[in-house]
Amino acid sequence: MDHYGERRVDRGPDGGGCPVRRGPDGIWQVSGYEEARAVLRATATVQAGLGVETVEKLPSRFRRPVLYRDGPEHREDRRQTARFFTPRRVDEHYREVMVRVAEAQLDTVRETGRGRLACLSFHLAIEVAGAVIGLTESRPGIRGRLERFFPEKFGTPGLTSLHGIRWLVRQNANWLRVYRGDVRPAVRARRRRRRDDLISHLLDEGCSSGEILGECLTFAAAGMVTTREFVNVAAWHLFGDAALLARYRAADEPGRIAILQEILRLEPVIGRLRRRTTAPLRLPGGGQEPDAEVTVPAGELVDVLLHRANLDARTVGERPERLCPGRPMAAGAGAPGLSFGDGAHKCPGATIALLETDVFLSRLFTLPGIRMAAPPRVGFKDGIDSYELRGCTVELTGRT
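### As for the sheet that holds strand S4 (residues 114–116)
Strand order in the open sheet formed by 3 strands is S4-S12-S9, with antiparallel pairing between adjacent strands. Looking along the sheet, the strands with just one partner apiece sit at the ends: S4 and strand S9 (370–374). Neighbouring strand axes in the sheet, compared pairwise and without regard to direction, differ in orientation by 30 degrees on average. Relative to strand S12 (residues 393–396), S4 runs antiparallel, the two sharing 3 bridges. For Arg-114, the partnering residue across the bridge sits in S12 and is Glu-395.

Written as structure tokens, this is what we have:
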């Protein structure tokens, strides 16, 4: 098996030792692959983090976005919306959108000789996710509205500090901008005539405009923001490794997807997921003995460290810190590792994210003389250990 480069995003030491341990702050940390997957698949946990504390303060009559629901209600909602994310639907309904938007964005590079990768990829992600959601009647400026909405960090705002007050005022204004500019026009159009998209489904479910806004923003975060980062990190790896780029260029689509999956295993966009236990949760890996177990009591917070679990040699094999497309994984483990999560809250848009990334990058790397003029700057959202890559500039060499 061919091995290529290591991580580009520095997330600090990957630790080691016990794959399940209680941190000094009282929060459990799970860094082993099998242990992490067990937490994500457990029925005795609920979502924590990601601003769930704020959502819980909403009136009980308000339908929570699917990200913040658990149990039978969540499973039924996922069952009803699964049709929007099947591989066949992705190929038949969204591929054309991906190709059209990717070509339009790359036309700017052809015409000007340069482009900012974060901007190009965000336009692509917005258009594709918008087609799935139904945000197709937006007023000009959707990119700016979304950029302003998503916070630099997920916190617990309130009226007890100047920071909390400013956060609330700013976010309320941003909610209103997205509602007026994007969600309300889409809802009005679908009240007149339903379409085959998420907003039409939510209207059939009897959701209010406010509830639809919440779902749209949840899917926007999952389908737009994270995909932009993945496009950037994948391009960074390919630009920086001539052998890997040659293999990508020579491969067919399944071969290219395999390379992207391995990049994502090594560089999961979201590095940490948090759960709260609702009953005692027994996990393997609590001690030095192979058969040791540890029990996490009810009511405890658990951080699932995806970026560490994806390097667990017990599951992903030898040299886990190196890129190895098509690497043999342990039974039941997918090629991207746990980068899309697992269990009830596993990301439904995995097929979409991988295909649109490949549609864009496979075309980007056919441009004659394409090179990376400036590498990206790396920032982080601490609440979910998610990276943000900005400033990567591509250009065409040899232009007169």
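Structure shown, so let's carry the discussion forward.
### A closer look at the packing of helix H4 (residues 87–112) against helix H5 (residues 117–133)
Relative to each other, H4 and H5 sit at 155 degrees, their axes nearing to 9 Å. Between H4 and H5, the crossing angle belongs to the class labelled roughly antiparallel. In this structure, the crossing between H4 and H5 has a hand that is right-handed. Here Tyr-94, Val-97, Met-98, Val-101, Ala-102, Gln-105, Thr-108 and Val-109 of H4 lie close against H5, whose contacting residues are Cys-119, Leu-120, His-123, Leu-124, Glu-127, Val-128, Ala-131 and Val-132.

### Details of the environment of Thr-45
Within the element layout of this structure, Thr-45 appears in strand S3 (residues 45–48). The buried category is assigned to Thr-45, whose relative accessible area is 8%. In this structure, the C-alpha to C-alpha distance between Thr-45 and Gly-299, residues 254 residues apart in sequence, is 8.9 Å. Each residue touching Thr-45, except ones within four places of it in the same chain, is listed here: Val-39, Asp-70, Arg-275, Arg-276, Thr-277, Thr-278 and Leu-281. Here Ala-42 takes part through its backbone oxygen, which lies 3.3 Å from a polar atom of the side chain of Thr-45.

### Quick word on helix H10 (residues 242–250)
Within H10, burial applies to Leu-244, Leu-245 and Tyr-248. Buried residues of H10, viewed axially, fall in a sector of 100 degrees; they line one side. Turned more than 90 degrees away from the buried face of H10 sit Ala-242 and Ala-250, all of them exposed. Buried residues along H10 sit against helix H9 (209–239), helix H11 (253–266) and helix H14 (350–364).

### Focus: empty space enclosed by the protein
Evaluated as defined, the whole model comprises 1 cavity of 30 Å³ or more. Of the pockets and cavities examined, the largest cavity occupies roughly 40 Å³. Where the lining of the largest cavity is concerned, the elements lending two or more residues are helix H6 (142–149), helix H7 (162–192) and H9. Along the lines of polarity and charge, the residues of the lining of the largest cavity split into 8 nonpolar, no polar and 1 charged.

### A few points about the confidence of the model for the chain
Considering every residue of the chain, the mean pLDDT works out to 88; 88% of them sit at 70 or more. This stretch, residues 152–169, has a pLDDT under 50; its non-local contacts, to residues over four places away or in other chains, come to 18 contacts.

### Description of the packing of aromatic side chains
On inspection of all chains with the given rule, the structure shows 3 aromatic pairs. Arranged with centres 6.2 Å apart and planes meeting at 5 degrees, the rings of Phe-85 and Phe-219 form a pair that is stacked. Of this pair, Phe-85 sits in the loop between helix H3 (71–81) and H4 while Phe-219 sits in helix H9, and the two are 134 residues apart along the sequence. Across the pair, Phe-219 and Phe-85 agree in class, each one buried. Aromatic pair Tyr-248 and Phe-365: ring centres 6.4 Å apart, planes at 75 degrees, arrangement edge-to-face. Of the two residues, Tyr-248 sits in helix H10 while Phe-365 sits in the loop between H14 and S9, which places them 117 residues apart along the sequence. With respect to class, Tyr-248 is no different from Phe-365; both count as buried. The structure contains a cluster of three or more aromatic residues connected by ring pairs, namely Phe-239, Tyr-248 and Phe-365.

### Quick look at the nonpolar core
Grouped together as the largest cluster of nonpolar side chains are 81 residues, with contacts concentrated most on Phe-360, Leu-361 and Leu-364. Here this core gets 15 residues from one element, more than from any other, and that element is H9. Apart from the residues lying within four places of it in its own chain, the contact partners of Phe-360 are Ala-102, Gln-105, Leu-106, Leu-117, Leu-120, Leu-124 and Val-231. Trp-28, Val-39, Leu-283 and Leu-338 belong to the second-largest nonpolar core, a separate cluster that totals 19 residues.

The rules behind the values
- Residues numbered from 1 in each chain as written.
- Predicted model: local features only at pLDDT ≥ 70, side-chain atom pairs only at ≥ 80, totals over all residues.
- Heavy atoms only, no water.
- Pairing = 2+ DSSP bridges.
- Helix = DSSP H or I, 4+ residues; strand = E, 2+ residues; numbered from the N terminus.
- Axes fitted to C-alpha atoms, helices over the stretch in contact; angles between N-to-C directions.
- Parallel < 35°, antiparallel > 145°, perpendicular 65-115°, else oblique.
- Left-handed = near helix turned anticlockwise from the far one by under 90°.
- Contact = heavy atoms within 4.5 Å.
- Buried < 20%, exposed > 50% of the residue type's maximum accessible area, 1.4 Å probe, protein only.
- Polar contact = N/O pair within 3.5 Å; in protein donor to acceptor, adjacent residues only side chain to side chain.
- Arc of directions from axis to C-beta.
- 1 Å grid on protein atoms, 1.4 Å probe; cavity = no way out; pocket = protein on both sides within 12 Å on 5 of 7 lines; lining within 4 Å.
- Points joined across faces, edges and corners; volume = space filled by probe spheres on them.
- Nonpolar A, V, L, I, M, F, W, Y, C, P; charged D, E, K, R; others polar.
- pLDDT = per-residue confidence, 0-100.
- Phe/Tyr/Trp six-rings, centres within 6.5 Å; stacked < 30°, edge-to-face > 60°.
- Core = buried A, V, L, I, M, F, W, Y, C linked by side-chain atoms within 4.5 Å.

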